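# Structure assessment
Listed below, chain by chain, are the residues.
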Amino acid sequence: MTKVAVSKMFNHSKIQISDETNYLKVFQHTDVGMITLRLDLENQVLKRKLRHALGISMPSVRQIQATTDALLAWMSPDELLYFCTKSEVVNRLNLVKETMTSYHSLSLDVSDARVVFSLEGGKVREVIAKLAPIDTAINSLELGEIRRTRLSQVAAAIWLTEENRATIICFRSVEKYLRDLLLISCKKGSEVGVW
Amino acid sequence: MLIFECPYCGVLADETDLAAGGEAHLKRFGPGSTDDEFEAYLFNRENPKGVHFERWRHINGCGKWFNAARCTITMEVFGTYPAQTLEPPTEITNNISIKRPVWKWKEFS
Amino acid sequence: MSRRFSNKGRLIKADKPIKFHFNGVQFTGYQGDTLASALLANGKLLLGRSFKYHRPRGVVSSGPEEPNFLVNLGKDHFFEPNQRGTMTNIFEGLSATSQNHFPSLEFDFGEINSWLARFLPAGFYYKMFIHPRPFWKYIYEPLIRMSAGLGQAPKAKDGSTYEHFHAFYDVVVVGGGIAGLQTALVAGRSGIKVLLIEQHASWGGRAQIDEDEIDDAPVNSWVNKVLEELAAMPNVSLRTRMTGVGVYDHGYFLGYEQLNDHKANKDGPRHRLWKIRSKLIVCCTGAIERPVSFAGNDIPGVVLASAVRDYAINFGVSIGQKTVVITNNDDAYKTAIFLKESGLEVPVILDAREHGGGEAAARARAIGIRVENGKVISRVIGRKRVRGVNVCLSSGEGETTERIGCDAVAMSGGWSPVVHLWSHCGGKLEWNDESSMFCPDKSRPPTNENGESFVETVGAASGNTQLNEIVEEATELGLSIGRKFGGKQIRSNVPKVKQHVENPVEPLWFTPRRAKRKLRNKTFLDFQNDVKISDVELAAREGFESVEHLKRYTTLGMATDQGKLSNINGLAVLANALATPISKVGTTTFRPPYTPVSMGSIAGSARDSVFQPVRMSPIHSWHVEHDAVFEPVGFWRRPYCFANKGEATEQAVNREILQTRSSVGILDASTLGKLIVSGPDAGNFLDLVYTNMMSNLTIGKCRYGLMCSENGFLIDDGVVARIGENTFLCHTTTGGAERIHSHMEEWLQTEWWDLQVFVQNITEQYAQIAVVGPNSRKLLNKLGGTDISKEALGFMEWTDALLGGFQTRIFRISFSGELSFEISVDASVGLDFWNALLDAGSDYGVMPYGTEALHVMRAEKGFIMIGDETDGTIIPQDLNLNWAISKKKNDFIGKRAHERIFMRNPDRWKLVGLETLDGSVLPDGSYAVGAGRNRNGQKHTIGRVTSTYFSPTLNRGIAMGLVQNGPDRVGEVIKFEKISGEIVEATIVDPVFYDKSGSKQNV
């Protein structure tokens, strides 16, 4: 998981939604393209073909692979989620469809189905721990590991790209809910102070 | 507040990330079955005081269904395993037999 | 008279005075004072009224177990009732009022209950309020409502914020006394993850009050040294003002952190609820002293002996000038000794034991305190405060041997280990006769998901009160925990503590042992609920022999303190009444929370905009800007209608329907579920899931499908479109996407896992808009880009199309019966497309319409709605949808169920239309009544209304309903009964009210 990959992928499209009342910086990202790939992840031949076509390694369980302009995340035993810029989605989707064409598979543009937020600051692990029933401690939630769980009342996926930076995706219809929730959870004065 | 290891994505999943799915290894009866068989399929459940096999879905996680062997009295979990099987794996039934020498659930023991 | 006799209290800062209000009067205390200590310092002893009898109450404890001193705390947005004054630190500007009295604390009308006590024993309401029956509604119930509750319910919205925190530890140590500090220190040294929590603001527990030295240094300096070392460990977290409130399955533990209750500044979260998973929970929760049961033990000034010395040592406050001590153990002597050495009077120590006390008794005598063995108090003199005591022989019936004047009584009936957390998840207790305690039975601990014990106890919580033994136990446990959880190898010394020699406690359940009825009537067990010894004996006489029955019948232990002071004393009386050993009687079940937690902390941050995860369509902002009236559909918010200024919703709905049917309207349908079902077995799978055949659906076509459960009942309906050879798009009802997706995944993963099918929920990827009405095609042609003539795109067909520059997919499906196009675009351009439609349709008076217009229009066409015509008991055949059930398929979910007798019964209620004779709208859910009555004297019901609306199209009320043999009775007039009893007559008609031939949707 390289730092460079993240900066190039998401930095250009981020809008800060937090202010000086928050102890983390919270951003929303607007130019994130997403493609869902359903396939048999036991099929080594298919995975090699995809790796070759997309130029990105296949992630193992709960892992995110990265290149300078794409991410590939393991979502479930038969699902991967591919990230690229929105402008690239059509091309990459066609490429994926071509590659998987003779296999039982499904690939769809889901760029508009989800929204992307990120958190920056020393206490990202702590803020996530306020909302998700998972162990976010340093030796438990690793960099580049994707965790699908809930943030308070909505399902979400979370991963840390660096020690001070977390990315969060959830469904578009609850954008306002998650936005408000994240801002509330890092209000100054509410620091937990365990780690 | 239970916690189960999801056999698909390997995480310890909090109960609030899961949806309970009732008894596992139900035998489905469809067209051609007798009224008694069909009624039993729909409504009869083991409801044991002890070892129970049940289904759970990792709804906020990988979305997959898995089965768990759990004691309904002490909440001890003897193991979790993928749901695509007609009977529990032997590692789990052996584990149960070690801890509960006399146990019986449907035709497994 | 209580007062501050010294400014050197351990916890107060006498140079930091604080002003606060109690019952409207201003008082001064010091920083560090609790409300209790500050008021006692100001001579206030009468602080509350008991629940039932409204007897005068003062503090009886110094901690969370307090049953008497409860206050309404704060004002307006920070108001909270039932706060314990013993746990409330004062801050500048604090305001509190006492509870449960009228008109005032000093003069309370409610005291009349006390005079009527003879007629109000335990359980009186089970007997009294039953007769005469008519009294209940107008006399009993209003009276009970008036006297119910202690504090007042808050009226303003809670002005504080709250939050949750999830944390995972190897071990949580509950309690920051010596046992907890030592356990956490040793475990922490091994490097494992430790959380140590303490409910009070300061560390060190009872040892800070009761012990002199640890490791040859004052207790306080030992504590500080340990804290320093703990604070420096990165693997250890320390928290004060945090209570362990519950232990649950699989190592789940709730910690309740109170962040600003002690501050004037209420910024920041008030409470934080920690949701913790721990491999081990160590309860170093100590023990709580028991009251002694003598007549008048509830009078203000009678206080637990340890609390008397807590107030003296921590706050420099004395309960009284002359304190009589009564005890059955050596511990209470410490109180007498400290008071005497502080210059206060201790007329006598009454030790119920014939052989009295050990070292402590000798010391007391040595400093000149009179000690009497084998003697007790028979009754306290005084009403609003202690004025004196009658002394008698412990073994006697209560004849007064002496009367002693005093203004305080320090009582100690022994100690009860705090075993709640041990017990919450199934840990068992055993009665220790020697120490008169229920202690954790270490052979039957609570077990976790591995079947292993996950709770330990150390110290007084285990029943061990000797500090020299406790520190050894704690050290050993700390070392073993470190080893067990993979910490590094370490060594730790056991701190040096002086051993004390004590005489054993002797149980003292009746004071005196053969107290007569007159005394037992005034001997209190539960101070808040006014439960007396005579009440427990009454319950036993009436057959309530189980301790659980005793609790509910007498309300012993059901007050806000949950029996922390009363349970053991109460069950000992029960045991005696039943001539059964205490070990057989047992305790009631301990349940979380250990002490009360605020509702706010349970809700956490879920309030206002994040109370619920409200779901909004991509076009939501337009609806808001245009004053849509919203209705919730699951978590979605959908426009019900768009009301113009001054327009009632009914008018708006009618307007929308008429405009749509005469020209064109648009509806935001984005919330409808969309599932892609794809794979070589997709068709076969859908054949199993729907009642219809889907595998023979042609690419480019749509089909309306029904889904049933295995039990045969309708669970969803929707249009399925064939996108490709192996790909289908299934629509579900709004809010049904997740449910139906789950349904499909359940069958694919747990039953038919050999089928090669992927299901993907793509609801949120698209915005979907219905363009509806005779001018709908004209509107879309204005956008242009694709041929959507009748020939190019027929009814129930779909196509991908460019419209006005937008990439779209158009489905020609109609829920209104008009010419209708449902169009999906990527969600990110949904709003733009909506605006483009409004623009293109301006010539036709295009009008946005909401869910109500949608519902009325489909009803006019006799189309069913899941949730209206279905309620979980309806099968497709009930709704005349037999045509949608394939006869060719061997199997589908629900097929077998439909073969059962009662589902083939011709008398089942079936779908019809209903038109009232007078044109009015039938009330929703009303029942049709037939002739005669059944065996119970009830009317026969022969049908019910499932949907009912005013139809502006037909200018009359229309309804759909289920009627027995309905379709065979078209033309018959049946009677519907309103709630008022009034009858409305309606004719049974065809459910299709409008455009029966269906020509309007097929142009």
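A tally of helices and strands in chain B yields two helices and six strands. In summary, chain B has a C-alpha radius of gyration of 14 Å against a globular reference of 13 Å for 109 residues, a match within 12%. Evaluated residue by residue, chain B yields a buried proportion of 35% over its 109 residues. Intrachain contacts of chain B at a sequence separation of at least 6 include 49% that bridge at least 24 residues.

Right, let's talk about the overall build of chain A for a bit. When you go through chain A residue by residue, the secondary structure sums to five helices and 11 strands. Scaling as 2.2 N^0.38, a compact globule of 195 residues should have a C-alpha radius of gyration of about 16 Å, and chain A matches this with 17 Å. Along the first, second and third principal axes, the C-alpha atoms of chain A reach 55 × 30 × 30 Å. Burial analysis of chain A (195 residues in total) assigns 48% to the buried set. Long-range pairs, those at least 24 residues apart, make up 60% of the contacts in chain A with a sequence separation of at least 6.

A word on the packing of helix α20 (residues 649–662) of chain C against helix α25 (residues 851–860) of chain C. Residue and element names in this part refer to chain C. Closest axis-to-axis distance for the α20/α25 pair is 9 Å, and the angle between their directions is 60°. If you check the angle between α20 and α25, you find them oblique. When you trace α20 past α25, the crossing you get is right-handed. Counted together, Val653, Glu656, Ile657 and Thr660 of α20 and Glu852, Ala853, Val856 and Met857 of α25 form the full contact between these two elements. Here the contact of α20 with α25 is built from residues that sort into five nonpolar, one polar and two charged.

Right, let's talk about the packing of helix α2 (residues 44–54) of chain A against helix α3 (residues 89–99) of chain A for a bit. Residues and elements named next belong to chain A. Contact geometry for α2 and α3: axes closest at 10 Å, N-to-C directions at 150°. Judged by the angle between their axes, α2 and α3 are roughly antiparallel. Pair α2 / α3 crosses with right-handed handedness. Residues Lys49, Leu50, Ala53 and Leu54 of α2 lie in contact with α3, whose contacting residues are Arg92, Leu95 and Thr99. A per-class count over the contact of α2 with α3 returns four nonpolar, one polar and two charged.

All names here are of chain C. With 12 residues, helix α16 (residues 567–578) should cover 16 Å at 1.5 Å per step; its first-to-last C-alpha distance of 16 Å lies within 8% of that length. Of all 12 residues making up α16, nine are buried, and the element is well covered by its neighbours. Restricting attention to buried positions, one finds in α16 the residues Asn567, Ile568, Asn569, Gly570, Leu571, Ala572, Val573, Leu574 and Ala575. Phi for alanine 579, located one or two positions after α16, is positive at around 50°.

It is worth spelling out the interface of chain A and chain B at this point. Taken residue by residue, the interface counts 11 residues in chain A and 12 residues in chain B. For the side of chain A that touches chain B, the secondary-structure elements that each account for two or more residues are β5 (71–76) and β9 (146–151) of chain A. It is β9(A) that contributes the most residues to the side of chain A that touches chain B, four residues altogether. Split into classes, the residues belonging to the side of chain A that touches chain B amount to five nonpolar, two polar and four charged.

Counting residues at the interface gives 33 residues for chain A and 33 residues for chain C. Elements with a contribution of two residues or more to the side of chain A that touches chain C: β3 (32–38), β7 (106–109), α4 (124–131) and α5 (175–185) of chain A. Considering every element that reaches the side of chain A that touches chain C, the biggest residue donor is α5(A), with six residues. In terms of residue class, the side of chain A that touches chain C is made up of 17 nonpolar, nine polar and seven charged.

Bringing the confidence of the model for chain B into the picture now. Predicted confidence across chain B gives a mean pLDDT of 95, with 99% of residues reaching 70 or more. Confidence metrics for the complex model read pTM 0.95 and ipTM 0.98.

So, about the domain arrangement of chain A. The parts lose accessible area when they come together, and the size of an interface is often stated as this lost area. Residues and elements named next belong to chain A. Its domain assignment divides chain A into domain 1 (13–30 + 113–185) and domain 2 (32–109). Spacing between the C-alpha centres of domain 1 and domain 2 amounts to 23 Å. Taken together, the contacts link nine residues of domain 1 with eight residues of domain 2. Its residues assigned to classes, the side of domain 1 that touches domain 2 comprises three nonpolar, three polar and three charged.

So, on to the pairing of strand β6 (residues 79–85) of chain A. Within a regular strand, the side chains alternate between the two sheet faces. Residues and elements named next belong to chain A. Most of β6 sits out of view: five of its seven residues are buried. Bridge count between β3 and β6: seven bridges; the pairing is antiparallel. Pairing of methionine 34 across the sheet is with phenylalanine 83, part of β6. As paired strands, β5 and β6 are joined by five bridges and run antiparallel to one another. The residue of β6 that forms the bridge with leucine 72 is tyrosine 82.

Residues and elements named next belong to chain C. The biggest cluster of nonpolar side chains holds 360 residues, and the ones touching the most others in it are Ile281, Val409, Ile769 and Val771. The element contributing the most residues to this core is strand β9 (residues 161–174), with eight residues. Excluding anything up to four places from it in sequence, isoleucine 769 contacts Ile666, Leu667, Asp668, Ala669, Ile823, Phe833, Trp834 and Leu837.

This paragraph deals with the sheet that holds strand β20 (residues 323–327) of chain C. Residue and element names in this part refer to chain C. If you walk across this open sheet you meet the five strands as β18-β26-β20-β21-β22, and the pairing is parallel. The strands lining the two open edges of the sheet, one partner per strand, are β18 (302–304) and β22 (371–373). The mean angle between the axes of side-by-side strands here comes to 20°, regardless of whether they run parallel or antiparallel. Sheet strands touched by helix α8 (residues 305–315): β18, β20 and β26 (408–412). Its angle to β18, the strand with the most contacts, is close to 85°.

Thresholds applied
- Residues numbered from 1 in each chain as written.
- Chains lettered and ligands numbered in written order.
- Predicted model: local features only at pLDDT ≥ 70, side-chain atom pairs only at ≥ 80, totals over all residues.
- Helix = DSSP H or I, 4+ residues; strand = E, 2+ residues; numbered from the N terminus.
- Rg over C-alpha atoms; globule rule 2.2 N^0.38 Å.
- Buried ≥ 20, exposed ≤ 12 C-beta atoms within 10 Å, placed from the backbone.
- Contact = placed C-beta atoms within 7 Å.
- Axes fitted to C-alpha atoms, helices over the stretch in contact; angles between N-to-C directions.
- Parallel < 35°, antiparallel > 145°, perpendicular 65-115°, else oblique.
- Left-handed = near helix turned anticlockwise from the far one by under 90°.
- Nonpolar A, V, L, I, M, F, W, Y, C, P; charged D, E, K, R; others polar.
- Expected span 1.5 Å × (residues − 1).
- pLDDT = per-residue confidence, 0-100.
- Domains from an automatic or database assignment.
- Pairing = 2+ DSSP bridges.
- Core = buried A, V, L, I, M, F, W, Y, C linked by C-beta atoms within 7 Å.

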